[in-house]
Amino acid sequence: MALDERAQACLLRSRHKLEEVMKPAVLLDHMISDEVVTVEEEDMITNQKTKSEQAAALVELLLKKDNSCFRSFYNALLKEEYEELAYLLKGHLPPTQITATLNITSRMCLVKEACPQGPRPLYIGLQRRMKSGRSSTSSRRTLVGLQSLAWLVRASLFLLLRQSDTKLSLKSAFLKGSTGCVPPPPSTLDEAKERLRFLVIRKYTKSLLILDDVWDSTVLKAFDINCRILLTTRNRSLADVVNGNKHEVEVNSGVDEDKALEILSQLSKVERYKLPVEALSIVKKCQGSPLAVSMIGSLLRENPDRWGYYLGQLEKNQFRRIRKSSSYNYEALDQAMAAGIEDLPDDYRELYNHLAVLHKDIKVTAKLMSVFWDLDQVEAEDILSDFVNRAMLFVDQPNVFYLHDLQLDFLLEQNKSQLKSLHTKVVRLYQHRYKDGPPTSSDEESLYWIRYLAYHMANANLSQELHSLLLSLDWISVKGQIMGPAHLINDYLEYGSILDKENSEMCREFQEFLSLSGHYLEQRPFPDIVQLALSQPHTSEVYRQARLLAQERAKDGKLYFDVTNETSVESLSRLVIHPHQGSLYACLSNDGTKIASCGATKNLKVFRATSGEKLSEFKLRDEVVCCAFSPDDSLLAVCSSARTIQVWSVDKGIVLRTFEEEHQEQINHCVFTNTTHPLLLATCSSEQLLNARLWNLNKPTSQNTMFGHFEPVNHCCFSPDDANVSTSSNDGTVKLFKVPSGNNWNSIDVKGAFKDLDDDDEVAVRCSSWTADGKRIVCAARNAALMFDVETSDLLLEIRPSFLSTVLHCDVCPTSNLLAMALSNYAVELWDIEENTKKADCSGHLSWVERVQFSRDGSQLLSSSDDETIRLWETKKLHMSSAVFLKRNSDVLFNDNNIVVSAPDHCNRLQVREGRTGDVLLQSEKKPSRIRCTCLCRDPSVVVLGQEDGTVQVLEVPSGKPLATLLGHTKTVLHCQFTQNGQTLITSSEDSTIRVWKWPSGECQVLQGHKEQVRCFALLSLSSNDSSLLSWSFDGTVKVWNTESGQKLQDIDAHRGAILSCHVSPDGRLFATSSADRTAKVWHCEAWQYAFTLTGHRECVRSCRFSWDSECLATGDDNGEIRLWNVNDGSLLRICSREVKDSTDSFHGGWVTDLHFSPDNSLLVSAGGYIKWWDVKAGVALQTFYPKGNALRKIHVSSDFSTFVTVDSIGLLYVLQRVP
């Protein structure tokens, strides 16, 4: 049958809108399920290159199809929440040939039999397993774990197949997938849902998914796959968490008398017609509760002559006031519980009462209960089975047991006076079982103790034991590896009050340690907690414990490194979270208790602001650009790269409202009004004209479009009274609009405030923020924050941050005069806008800080960065830092026990410091040109600095007296080095020359020949009699010079790409080069001949180093990979263990920039994003040190390989001493 003419005309009229908005792939799932589109037709559509082309192909197909296909398409639009598109088609739906009789019949069957008539149901697993889904979906480190959860998803299905082939095993199909082979178990809940979605929508299109006795919304959301669902629940509101049409059928609570008598007959082992007269009275007293009937039946099976006795127990009604945690109200259940417990032998009764200490929704094994009861595991299993036979306990799978919530309620009430002693007994039994240390395996028993041991100690009020547990680095290591840092922090928050004042301070130190270092616990392999703790302040309990453990373990050969110098920079942030990989946007809830983050990972996560615990996660179809909390924090607005705006319920985790693609370009920012009267949402985008809109959540489209900007709008912000909204644009202006009319009433010319710009220079205003009085507005543009008067547009204040950094974002505190600025130099600065003074430096981020936001009460400040972290700061604790930040161009002299470090600081002064104490030996005046390199000389005691303008200066140490100023280089001086006698200085430059200075006299020899910059060079011998110099350049050549005569001895065309490093073997026989062409080469020094090319690196080979015996060469690349080579034949010895890549997509946190062997050649140290020490023979990492910053350029190593000095990207100096 051809498509109805009205429907055909409707498709043609709506064609443009359909092709512009819809995503065919998700719609085709439903149409294939309805058997109106074939798989071949789907392939024809999805093979189109773009979404719009796919949509056009689908419309063409619909025009050729019949009425049933059109109706299926309409239903698919509704299911996928394209309500606006479905509305276009609704009035032109062709008449259906499906009669209403079938639907009515199905409805009647539902009422009568509780499920449709049809073939015998195929049951897969037990639904009770999903009761633990609440904890399983929140984190991959939960008690069950994601792989178990994926199994729960498939094992929890009650699938009723309305297919002719009822012998088909759906469980087998789920496991095998569409290819027939068995894939690995789903690694995520989303993967499991997608596999189930394919089966239900594509393969078994007439199946019905039955979820029985669901108590928690997280269970239902796990099965939200847009299929038919029959849900039984006592909480009507649960159905609100999923989309789709809903039909309610009221069902009487409990079972009827006839069914109850049948249950009683089966469990008591008395035939139905032989039941005594008390049976009917017992059933009536049980009030339809199958659990109560089951328990009484189990008791009567053991005691067949006690019908009258148990009826009397049910009639006592002495447990009416027991508090329930659920909506169930079976009074008879309490009587049945009491009767069941009374019927137990004395020793069994005590064991059963002991179950009162279990946490809700926890399942236990016989192995775990053997510890709880101090019994043999087999004996514990027999007792648990006996409880199951009495219906006093339930079995989930072999040897896994659980209590019904109502049974646990009863036990808690009955044993409330004994709970403390019961918890104490559990702790004592645990201590006896694990006297040699906490459990470290991942079995069910170990996971239980790791998660709930602190809970038992707290309920037992064992403050000393709780102190020993929470303040133990071993416990942090065990629990952190399994559960993650958030659970540990929650333990400190929840149970810290139990500790005394002295221990509470230690608890605060441990909590702070985890809050600031917890993101390292996300690394795999799991970091060494003791090494992490050695970076803590030396006065803290965390450091004290770490030092003792390190000394003890060092005796067994374990490597540990102590930060012997005080970094002089305190950690001001309160919490660090690493929520996503890739781009990151974060916002703080108005009450300051939650943090929402989104990014390129196509999901939205909500975290607890106190601990970083993930509270919820919402999966979206597209990359999420920005998000915002509503004034009461109940809603989250989310804007995607597909130009769609969704409003989510934070608590329910469902989409309440979707605004389709009114914006034609990417949405850059969204923000709610400050109050809910009225509740409006403002958005802005990269469009040229219609780039700012106001939305009323009760309307299907935008309420107003705000006209005025003709360039992309980056940011929008409501005034404190919600009367106005400001928009910040690339056109160099901030415009003010009235709310809710959207009329533009003022325009502030931000570009005009920059007087030194040409007319062609662009000024993009990144954001704007209103002061608390609503009379002034602060704008971020270029390298300044500018404050304007709202009424007059007069410039009132101009704030230029330190180091001429770009101001990427700013926010004014709602309760004070503080202004926070997010900067491109990785820092956050706080300024007082009344006094025009800087109040605080906030360092810690490792890349551009993209956003800052104060909490509504001004007590907290949130910052998010391109380093993929979110930091939360306590405003009252922020202050100006007295720390001096160094640049990474450093040099170090090791003099016995003294360490002398020279490096330029952030003020472009040269600093010479005693490394361990930080005492300043020399501080030069601020130089007019940037200092790019430095070098120390032991005798005479001088230091040299090279600058960007080509100037070289020699200063006396410690007086700072200038001894020589050497002019000659025309570009940046990149490297400098003294010869052995200290009278000759060699420098190299971007001007492609090398200069050899007799610096006391100023005499100079110029070595010319390279065509590009010479970043470094090396003396072929430290002997004063050898004047040979090896230099390498970005031009790919290596040259050998006589420094006395200036003669070029050798000119080697070594690599096709830039040479990045070079090293001469200690015995002088060989030298090695590494290059951007991804190779390293080994050369003979005597004949200057090529020996080997070392291939295998996939990125630029950044560094190379010979071992001290000249037998081995280590090379490191920009992928973080380190390779060890035999220099005699060029063979690869090993690749240092390539573990899981970190957030920088590297094996080493970034480029491998420096390498050093130990004197005995057994160890190798490497510098990159962090420092790693390796076992050369095995190629495995022995220890890792994580600096606060990253991107280490060089590591200076003492001759005995015990002391290591470096400077990180933040400017912090680290002097690491191996723990003896």
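What you are looking at is a predicted structure, and each value in this text was computed from that prediction instead of being measured.

Quick notes on the rules
Residues numbered from 1 in each chain as written. Predicted model: local features only at pLDDT ≥ 70, side-chain atom pairs only at ≥ 80, totals over all residues. Heavy atoms only, no water. Helix = DSSP H or I, 4+ residues; strand = E, 2+ residues; numbered from the N terminus. Buried < 20%, exposed > 50% of the residue type's maximum accessible area, 1.4 Å probe, protein only. Contact = heavy atoms within 4.5 Å. Areas by Shrake-Rupley, 256 points an atom, 1.4 Å probe, with all protein chains shown as cover. UniProt positions renumbered as here; feature names shortened; annotations may be inferred. Pairing = 2+ DSSP bridges. Axes fitted to C-alpha atoms, helices over the stretch in contact; angles between N-to-C directions. Polar contact = N/O pair within 3.5 Å; in protein donor to acceptor, adjacent residues only side chain to side chain. Core = buried A, V, L, I, M, F, W, Y, C linked by side-chain atoms within 4.5 Å. Parallel < 35°, antiparallel > 145°, perpendicular 65-115°, else oblique. Left-handed = near helix turned anticlockwise from the far one by under 90°. Patch = residues over 30% accessible without salt bridge, like charges linked within 9 Å, V, L, I, M, F, W, Y side chains within 5 Å. Salt bridge = Lys/Arg side-chain N within 4 Å of Asp/Glu carboxyl O. Expected span 1.5 Å × (residues − 1). Phe/Tyr/Trp six-rings, centres within 6.5 Å; stacked < 30°, edge-to-face > 60°. Lys NZ or Arg CZ within 6 Å of the ring centre and 35° of its normal. Nonpolar A, V, L, I, M, F, W, Y, C, P; charged D, E, K, R; others polar.

### Section: the overall build of the chain
A tally of regular secondary structure across the chain gives 29 helices and 67 strands. In the chain, which comprises 1220 residues, the proportion classed as buried is 57%. Across the chain, the fraction of contacts at a sequence separation of at least 24, relative to all contacts at a separation of at least 6, is 51%. Counting only carbon and sulfur atoms, one obtains 47% of the accessible surface of the chain, whose full area is about 52,000 Å².

### Regarding unusual backbone geometry
The omega torsion of the bond from V739 to P740 falls at 10 degrees, within 30 degrees of zero and hence cis. Among the structural elements, P740 can be located in the loop between β24 (733-738) and β25 (744-749). Phi is positive for D374, which is not a glycine, with a value near 55 degrees. Topologically, D374 is positioned in the loop between α19 (366-373) and α20 (377-389).

### Digging into the UniProt feature "repeat: WD" (unreviewed entry) in the chain
Residues given the UniProt feature "repeat: WD" (unreviewed entry) here are residues 622-658, 706-747, 842-883, 966-1007, 1007-1051, 1052-1083 and 1094-1135. Helix makes up 0% of residues 622-658 and strand 57%, and the two end C-alpha atoms of the span are 14 Å apart. Summarising residues 1052-1083: 0% helix, 56% strand, and an end-to-end C-alpha distance of 10 Å.

### Notes on the sheet that holds strand β67 (residues 1213-1218)
Sheet strands pair by backbone hydrogen bonding; their relative direction is either parallel or antiparallel. Strand order in the open sheet formed by 4 strands is β8-β67-β66-β65, and the pairing between neighbours is antiparallel. The sheet is open, and its two borders are formed by β8 (561-563) and β65 (1196-1197), each paired with just one other strand. As defined by bridge partners, β8 adjoins β67 across 3 bridges and the pair is classed as antiparallel. Counted as the bridge partner of V563 is L1216 from β67.

### So, the sheet that holds strand β58 (residues 1112-1117)
If you trace the 4 strands from one edge of the open sheet to the other, you get β57-β58-β59-β60, paired in antiparallel fashion. The open sheet is flanked by β57 (1101-1106) and β60 (1132-1135), the only strands paired with a single partner. Between one strand axis and the next, the sheet turns through 20 degrees on average, direction left out of account. As paired elements, β57 and β58 share 5 bridges and run antiparallel to each other. Each bridged residue has a counterpart across the sheet, and for F1106 the counterpart in β58 is L1113.

### So, the side chain of S768
Along the polypeptide, S768 turns up in strand β26 (residues 765-770). Among the polar contacts made by the side chain of S768, one reaches the side chain of S728 at a distance of 3.1 Å. In contact with S768, not counting residues within four places along its chain, are H715, C717, S726, S728, V734, I777, V778 and C779.

### Description of the nonpolar core
Membership of the largest hydrophobic core comes to 116 residues, with the highest contact counts inside it found for I296, Y352, F372, W373, W449 and L473. No other element matches helix α23 (residues 444-459), which puts 8 residues into this core. Judged by nonpolar contacts, the second largest core, of 33 residues, contains L11, V37, L61 and L62.

### Re the packing of α19 against α23
Angle between the axes and distance between the axes: these two values describe a pair of packed helices. It is the contact of α19 with α23, at a shortest axis distance of 10 Å, that shows an interaxial angle of 40 degrees. Of the possible angle classes, the one that applies to α19 and α23 is oblique. At the point where α19 passes α23, the crossing takes the right-handed sense. Seen from α19, the contacting residues are K367, L368, V371 and F372; seen from α23, they are E445, Y448, W449 and H456.

### Describing a nonpolar patch on the surface
Together, L689, L690, F707 and F710 make up an exposed nonpolar region whose accessible area comes to about 390 Å². Mapped onto the elements, L690 comes out in the loop between β19 (680-685) and β20 (692-696).

### Observations regarding helix α13 (residues 257-268)
For α13, spanning 12 residues, the distance from its first C-alpha to its last is 16 Å, which sits close to the expected 16 Å at 1.5 Å a residue. Those residues of α13 that fall on the buried side of the exposure criterion are A260, L261, I263, L264, S265 and S268. Residues of α13 that are buried sit in contact with α14 (278-285), α15 (290-302) and α16 (307-314). In the segment just after α13, K269 is the residue with positive phi, at about 65 degrees.

### Examining the pattern of salt bridges
As enumerated under the stated definition, the model contains 44 salt bridges in all. The partner of E60 in a salt bridge is R15, and the shortest N-O contact between them spans 2.3 Å. You can see E60 sitting in helix α4 (residues 51-64) and its partner R15 sitting in helix α1 (residues 5-21), a full 45 residues away along the chain. Note that E613 and R608 form a salt bridge whose closest N and O atoms lie 3.2 Å from each other. What makes R608 partly exposed here is its relative accessible area of 31%. One continuous salt-bridge network, built from bridges that share partners, spans R306, D343, D386 and R390.

### What to know about the pairing of strand β47 (residues 994-998)
By the criterion of burial, β47 is predominantly enclosed, with 4 of the 5 residues buried. Pairing between strand β46 (residues 984-989) and β47: 5 bridges, direction antiparallel. Across the sheet, T984 pairs through a bridge with K998, a residue of β47. From the end of β46 to the start of β47, which pair antiparallel, there are 4 residues, and S992 there has a positive phi angle of about 75 degrees. The pairing of β47 with strand β48 (residues 1003-1007) spans 5 bridges and is antiparallel. Note on β48: the bridge partner recorded for V996 is Q1005. Where β47 hands over to β48, the hairpin turn is made up of 4 residues, of which G1002 adopts a positive phi near 85 degrees.

### Describing the environment of L488
On the secondary structure map, L488 appears in helix α26 (residues 485-495). With 26 residues separating them along the chain, L488 and L514 place their C-alpha atoms 7.9 Å apart. Every residue in contact with L488, bar those within four places of it in the chain, is listed here: W475, I476, K479, G480 and L514.

### Observations concerning the packing of aromatic side chains
All told, the structure shown has 24 aromatic pairs when counted by the stated rule. For the pair F561 and F1204, a centre-to-centre distance of 5.4 Å together with 85 degrees between the ring planes defines the contact as edge-to-face. Here F561, found in strand β8, pairs with F1204, found in strand β66 (residues 1203-1207); they are 643 residues apart in sequence, far enough to count as distant. Accessibility classification places F561 together with F1204 in one group, the buried group. The structure contains a cluster of three or more aromatic residues connected by ring pairs, namely F372, Y430, Y434, Y448, W449, Y452 and Y455. Its guanidinium or amino end placed over the ring of Y402, K363 lies 5.9 Å from that ring's centre, counting from NZ or CZ. Seen from the ring of W1151, R1102 lies directly overhead, with NZ or CZ sitting 3.8 Å from the centre.

### Focus on the packing of helix α2 (residues 24-33) against α4
Between α2 and α4, the shortest axis-to-axis distance is 10 Å and the interhelical angle comes to 35 degrees. Contacts between α2 and α4 involve P24, L27, L28 and M31 from the former and K51, Q54, A55, L58 and L62 from the latter. Grouping the amino acids of the contact of α2 with α4 by side-chain chemistry returns 7 nonpolar, 1 polar and 1 charged.

### Some remarks on the pairing of strand β30 (residues 807-812)
The buried fraction of β30 is high, at 6 of 6 residues. Relative to strand β31 (residues 818-823), β30 runs antiparallel, the two being bridged by 5 bridges. Bridge pairing in β31 links C810 to M821. If you look at the hairpin formed by β30 and β31, you'll find 5 residues sitting between the two strands.

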